[in-house]
Amino acid sequence: MKNIAIYPGTFDPITNGHIDIIERVCKIFGKVIIAIAKETNKECLFSPEERVHLAEIATKNICNVEVEAFDGLAVDYVKRKGSSVMIRGLRAVSDFEYELQLALANRSLCEDVETVFLTPQSKYLYLSSSMVKQIIKLGGNIKEYVPEAVFNAVKDKMKST
Ligand code: COA
């Protein structure tokens, strides 16, 4: 049961900061499922199917990763997958309060699901999906922070919207 970890998030789109976390999780757990939330309060650039596709391309070289979209509560998804571990990335201190709130809310929904926090390397500490989208929109160079397929997908999407 502890051998599967679920990494839920919006992933709009996946970035190298997320991939950094995923690579770390893959060394600890036998299988990692990137769980892409279909319902989110955010206005997403990409549909759930597109976010799944980009995450699949970005992690194609990591053998023990699966990607799936989910709806409903994240804790219910974790249980459905036979796991008891939810992964969250902790970047700067500013993440802490929100992540603590999320972890405690999830614990109150399900005592059996534990949240495990991992930190990415320091160059990704201030990276976010919104920042990536904004920089690409304004013509900045952010290739170091996203896989090439993601960079191109964001550029194409912005042209067509
Ligand atoms: N590298 C780069 N960016 C990172 C990162 C990393 N390692 N870790 C976090 N981020 C960024 C994301 O890019 C995202 O940036 P954005 O706000 O610009 O889009 C931000 O941090 C946080 O995103 P995410 O990890 O996707 O969290 P979220 O708050 O968008 O989503 C869910 C949280 C989807 C896990 C949560 O809402 C959920 O579980 N929803 C399902 C319904 C549910 O169970 N609700 C009850 C929860 S108590």
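Structure shown above.
Residues numbered from 1 in each chain as written. Predicted model: local features only at pLDDT ≥ 70, side-chain atom pairs only at ≥ 80, totals over all residues. Heavy atoms only, no water.

## Description of the side chain of threonine 115
Phase 1: In this structure, threonine 115 sits in strand β5 (residues 114-118).
Phase 2: When its relative accessible area of 18% is taken as the criterion, threonine 115 is described as buried.
Phase 3: Setting aside chain neighbours within four positions, we find threonine 115 in contact with Met86, Arg88 and Ala103. (Helix = DSSP H or I, 4+ residues; strand = E, 2+ residues; numbered from the N terminus. Buried < 20%, exposed > 50% of the residue type's maximum accessible area, 1.4 Å probe, protein only. Contact = heavy atoms within 4.5 Å.)

## Looking at unusual backbone geometry
Phase 1: The peptide bond linking aspartate 12 to proline 13 adopts the cis configuration, its omega dihedral lying at 0°.
Phase 2: When you line up the elements, proline 13 lands in the loop between β1 (4-9) and α1 (16-28).
Phase 3: Phi at phenylalanine 11 takes a positive value of approximately 50°, unusual for a residue other than glycine.

## Considerations on the site of the ligand
Phase 1: In the region of the ligand, 23 residues are neighbours, and Thr10, Lys42, Tyr98, Ser129 and Ser130 sit closest.
Phase 2: Within the side chain of tyrosine 98, an N or O atom sits 2.4 Å from an oxygen atom of the ligand.
Phase 3: Serine 129 is positioned such that a nitrogen or oxygen atom in its side chain is 2.8 Å from an oxygen atom of the ligand.
Phase 4: Compared with its free state, where it exposes 940 Å², the ligand has 83% of that area covered by protein.
Phase 5: Within the residue set of the shell around the ligand, elements represented by two or more residues are β1, α1, α4 (94-109) and α5 (129-137).
Phase 6: Per element, the largest residue contribution to the shell around the ligand is four residues, and it comes from α4.
Phase 7: Here the shell around the ligand is built from residues that sort into 10 nonpolar, 10 polar and three charged. (Near = heavy atom within 4 Å. Polar contact = N/O pair within 3.5 Å; in protein donor to acceptor, adjacent residues only side chain to side chain. Areas by Shrake-Rupley, 256 points an atom, 1.4 Å probe, with all protein chains shown as cover. Nonpolar A, V, L, I, M, F, W, Y, C, P; charged D, E, K, R; others polar.)

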